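# Understanding the architecture of this molecule
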Amino acid sequence: MKPNKPKFKIGDEVLSYQNQSVPAKINYIRESADAEFQHAYRLSLPDGNSNWISESSLVRPKNKPK
């Protein structure tokens, strides 16, 4: 079974369980070769790189109304 394309790109700002309030940029993507497994991402956090985070654990930040 062919895997899906990653939902996010390097440089996208996302929120995760490691950075719940301040968006962090994706700096590396480990693409899965199997459709049954999710792609994994690493984020640039203020204190270094994040752990590997699955695609379902990432969300795009919502724009705050002005």
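In this report, we go over the structure that sits alongside the text. (Residues numbered from 1 in each chain as written. Predicted model: local features only at pLDDT ≥ 70, side-chain atom pairs only at ≥ 80, totals over all residues. Heavy atoms only, no water.)

### Topic: the overall build of the protein
- Helices and strands together make up the secondary structure of the protein, namely 0 helices and 5 strands.
- Its C-alpha atoms give the protein principal-axis dimensions of roughly 45 × 30 × 20 Å.
- Summarising the internal contacts of the protein: among those between residues at least 6 apart in sequence, 40% fall at separations of at least 24.
- Counting every atom, the protein has about 5,200 Å² of accessible surface; 49% of that belongs to carbon and sulfur.
- In the protein, the 11 positive side-chain charges and the 7 negative ones have mean positions that sit 8 Å from each other. (Helix = DSSP H or I, 4+ residues; strand = E, 2+ residues; numbered from the N terminus. Contact = heavy atoms within 4.5 Å. Areas by Shrake-Rupley, 256 points an atom, 1.4 Å probe, with all protein chains shown as cover. Lys, Arg positive; Asp, Glu negative; His and termini not counted. Charge placed at Lys NZ, Arg CZ, Asp CG, Glu CD.)

### Section: the pattern of salt bridges
- Within the structure shown, the criterion is met by 1 salt bridge.
- Here Arg60 ties to Asp12 by a salt bridge, and the two come within 3.6 Å at their closest N and O atoms. Residue Arg60 is located in the segment after β5 (53-54), and its partner Asp12 is located in the segment before β1 (13-16); the two are separated by 48 residues in the primary sequence. (Salt bridge = Lys/Arg side-chain N within 4 Å of Asp/Glu carboxyl O.)

### Brief notes about the nonpolar core
- By size, the foremost hydrophobic cluster in this structure holds 10 residues: Phe8, Val14, Ala24, Ile26, Ile29, Tyr41, Leu43, Leu45, Ile53 and Leu58.
- Looking at this core, the elements that each hand over two or more residues are β2 (19-30) and β3 (40-45).
- In contact with Leu43, other than residues within four places in its own chain, are Val14, Ser16, Asn19, Ala24, Lys25, Ile26, Asn27, Gly48, Asn49, Ser50, Ile53 and Leu58. (Core = buried A, V, L, I, M, F, W, Y, C linked by side-chain atoms within 4.5 Å. Buried < 20%, exposed > 50% of the residue type's maximum accessible area, 1.4 Å probe, protein only.)

### Observations regarding the pairing of β1
- One ladder, built from 3 bridges, connects β1 with β2; its direction is antiparallel. Across the sheet, the residue bridging to Val14 is Ala24, located in β2.
- Where β1 folds back onto β2 in an antiparallel hairpin, the turn is made up of 2 residues. (Pairing = 2+ DSSP bridges.)

### A word on the packing of aromatic side chains
- By the definition in use, this model includes 2 aromatic pairs.
- With 5.7 Å between their ring centres and 85° between their planes, Phe8 and Tyr41 make a pair best called edge-to-face. Taken together, the residues span a long stretch of sequence, with Phe8 in the segment before β1 and Tyr41 in strand β3 at a distance of 33 residues. Of the two residues examined, Phe8 and Tyr41, each falls in the buried class. (Phe/Tyr/Trp six-rings, centres within 6.5 Å; stacked < 30°, edge-to-face > 60°.)

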